[in-house]
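Spelled out, the chains give:
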Amino acid sequence: MSTTTVKAYGTSAADKPLEAMEIKRRALKAKDVAFEILYCGICHSDLHQIKNDFGGTMWPIVPGHEIVGRVTQIGSEVSNFKVGDLAAVGCIVDSCGHCEHCEESLEMFCENGVTFSFNSPDTYMEGEHTYGGFSKTYVCEEKYTLKMPAFEDLASAAPLLCAGITVYSPLRHWGAGPDKKVGVLGIGGLGHLAIKIAKAMGSEVTVFTTSPAKVEDAKRLGADKAVLSTDEAQMKAAMGSQDIIIDTVSAKHDVNQYLGMLKVDGSLVLVGLPPEALEVGAFNVVMGRKSFSGSNIGGIAETQEMLDFCYEHNIVAESEIITMPEVNEAFERLEKGDVKYRFVIDMASLN
Ligand code: NAP
Ligand code: ZN
């Protein structure tokens with residue numbers, strides 16, 4: 001078996017639009033699953049990376065880490081997949097497998113370095129880096145490949161692979177449930193799924209949004225309450241009301257006012273990745289024994305648990321399906337917050 005050349009969409013510099021290109025996928029190994037990509041979601045992290053917001057972007061970059069497809073080939077030692085099955089890949093495609101965190105299926109914290117589905121050094125192809133889901137095919141070891149339940153709207157289920165797990169994992173970790181009030185800060189791809197998932201876990205959900213139009217929509221998405229964060233009176237009324245706040249904001253913002261929304265012992269959990277540092281006032285955490293914390297995607301086992309949970313509870317993203325050539329316009333709209341609430345690329349349009 002040799003490497004295959006496949007069509008993809010990517011860019012070679014932060015100031016250049018994405019365009020058609022060809023990439024190589026590794027030769028199938030005994031434990032590998034190869035699949036044809038059907039759909040790929042567009043996450044704000046793809047946008048951060050193509051803009052090199054965090055530094056360290058490897059060029060050319062092919063983004064995409066909410067990947068759903070159908071198995072086309074399996075290696076000789078694969079036992080959980082057969083040709084024709086649905087399969088999915090999120091952010092994690094490799095890790096050492098034996099450190100303390102990998103043993104607990106917290107692969108995202110692998111001590112020896114996790115390999116992400118795109119923009120990571122490729123452990124299989126020397127000198128190469130990984131290319132994501134804006135492409136025709138993917139090859140991944142079975143251990144890191146998820147079983148995709150047969151969602152009726154498969155395209156809209158793709159965003160669960162990153163946005164879904166990124167909010168599911170902290171909701172589980174911080175104990176969302178009927179006895180916990182959950183706040184969701186920022187109603188984008190992650191935020192709108194956080195509303196649906198926290199509601200399915202039984203929590204009362206309050207959203208905090210900068211967008212007046214999303215106040216009404218938040219209720220349609222299932223939120224119990226919606227607070228327009230630019231309205232001082234509404235913000236004041238919400239002080240001290242939340243046990244957990246999932247902060248999904250992608251840009252620099254004042255977290256101190258949201259620490260004020262927490263009850264005693266409450267936690268503000270950052271999942272958004274503003275490139276700039278955020279300041280926290282000492283009294284805002286000291287008074288009320290509050291926690292300012294963070295969470296990064298979720299491990300493979302928990303990602304599978306989340307997919308099964310969402311299937312059972314009929315949860316998918318509200319998506320706008322686009323074609324591959326429309327991707328640059330989609331990124332421009334994502335940057336302006338003009339998406340309800342996740343773009344998903346129909347990969348049949350990549351020809
Ligand atoms: P998104 O769809 O663009 O949503 C972000 C939301 O943040 C916007 O809809 C907006 O909500 C709010 N927002 C944006 N700019 C703001 C500003 N200047 N001030 C206040 N609010 C602002 O993005 P996403 O795909 O959900 O991703 C959100 C963030 O999470 C990104 O930084 C992404 O990189 C990060 N992320 C992290 C992980 C992880 O593992 N930790 C995984 C995936 C993504 P309103 O209009 O409601 O205010
Ligand atoms: Zn993501």
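Residues numbered from 1 in each chain as written. Chains lettered and ligands numbered in written order. Predicted model: local features only at pLDDT ≥ 70, side-chain atom pairs only at ≥ 80, totals over all residues. Heavy atoms only, no water.

1. Quick look at the overall build of the protein
In terms of helices and strands, the protein carries eleven helices and 17 strands. Relative to the globule expectation of 20 Å for 351 residues, the C-alpha radius of gyration of the protein, 20 Å, shows essentially globular dimensions. In terms of overall dimensions, the protein has a C-alpha envelope of 65 × 40 × 40 Å along the principal axes. Relative to its 351 residues, the protein shows a buried fraction of 56%. Within the protein, contacts between residues separated by at least 24 positions form 67% of all contacts whose residues are at least 6 apart in sequence. Looking at the protein as shown, the accessible area adds up to about 14,800 Å², and 49% of this sits on carbon and sulfur atoms. Both charge centroids of the protein, one from 31 positive and one from 48 negative side chains, sit 3 Å from each other. (Helix = DSSP H or I, 4+ residues; strand = E, 2+ residues; numbered from the N terminus. Rg over C-alpha atoms; globule rule 2.2 N^0.38 Å. Buried < 20%, exposed > 50% of the residue type's maximum accessible area, 1.4 Å probe, protein only. Contact = heavy atoms within 4.5 Å. Areas by Shrake-Rupley, 256 points an atom, 1.4 Å probe, with all protein chains shown as cover. Lys, Arg positive; Asp, Glu negative; His and termini not counted. Charge placed at Lys NZ, Arg CZ, Asp CG, Glu CD.)

2. As for the coordination of the zinc ion (ligand 2)
Around a metal, the perfect tetrahedron of four donors has angles of 109.5 degrees, and the perfect octahedron of six donors has angles of 90 or 180 degrees. For the zinc ion (ligand 2), the full set of protein donor atoms is Cys 43 (SG), His 65 (NE2) and Cys 162 (SG), at a range of 2.0 to 2.2 Å. What makes His 65 buried here is its relative accessible area of 2%. (Donors = N, O, S within 2.8 Å, 3.2 Å for Na, K, Ca; no water.)

3. Comments concerning the pattern of salt bridges
The tally for this structure, following the rule as stated, stands at 16 salt bridges. Among the ionic pairs, Lys 82 bridges to Asp 85, the shortest N-O distance being 3.0 Å. For Lys 82, a relative accessible area of 53% gives the class exposed. For Asp 265, the salt bridge is made with Arg 289, and the minimal N-O distance between the two is 2.6 Å. With Asp 265 in strand S14 (residues 262–270) and Arg 289 in the loop between helix H9 (282–286) and strand S15 (291–294), this residue pair connects regions lying 24 residues apart in the sequence. Take Asp 265: its relative accessible area is 42%, and that puts it in the partly exposed class. Given a relative accessible area of 59%, Arg 289 falls into the exposed group. (Salt bridge = Lys/Arg side-chain N within 4 Å of Asp/Glu carboxyl O.)

4. Regarding the packing of helix H4 (residues 163–173) against helix H5 (residues 189–200)
Interaxial distance between H4 and H5 falls to 8 Å at its minimum, and their mutual angle equals 50°. Put simply, H4 runs oblique to H5. Handedness of the H4/H5 crossing: right-handed. Contacts between H4 and H5 involve Ala 163, Gly 164, Thr 166, Val 167, Tyr 168 and Leu 171 from the former and Gly 189, Leu 190, Leu 193, Ala 194, Ile 197 and Ala 198 from the latter. (Axes fitted to C-alpha atoms, helices over the stretch in contact; angles between N-to-C directions. Parallel < 35°, antiparallel > 145°, perpendicular 65-115°, else oblique. Left-handed = near helix turned anticlockwise from the far one by under 90°.)

5. Some words on helix H6 (residues 212–220)
Buried within H6 are the following residues: Lys 214, Val 215, Asp 217 and Ala 218. Those residues of H6 hidden inside the fold are in contact with H5, strand S11 (204–209) and strand S12 (225–228). Immediately beyond the C-terminal end of H6, within one or two residues, lies Gly 222, with a positive phi of roughly 115°.

6. Points about the site of ligand 1
Taken together, 27 residues form the shell around ligand 1, and within it His 44, Thr 209, Thr 210, Ser 211 and Arg 342 come nearest. One of the backbone N or O atoms of Ile 297 is found 2.7 Å from an oxygen atom in ligand 1. Considering ligand 1 on its own, with 920 Å² of exposed area, one finds that the protein chains cover 87% of that surface. Broken down by secondary-structure element, the contributors of at least two residues to the shell around ligand 1 are helix H1 (44–50) and H5. With three residues, H1 is the single largest residue contributor to the shell around ligand 1. Here the residues of the shell around ligand 1 are counted per class, giving ten nonpolar, 15 polar and two charged. (Near = heavy atom within 4 Å. Polar contact = N/O pair within 3.5 Å; in protein donor to acceptor, adjacent residues only side chain to side chain. Nonpolar A, V, L, I, M, F, W, Y, C, P; charged D, E, K, R; others polar.)

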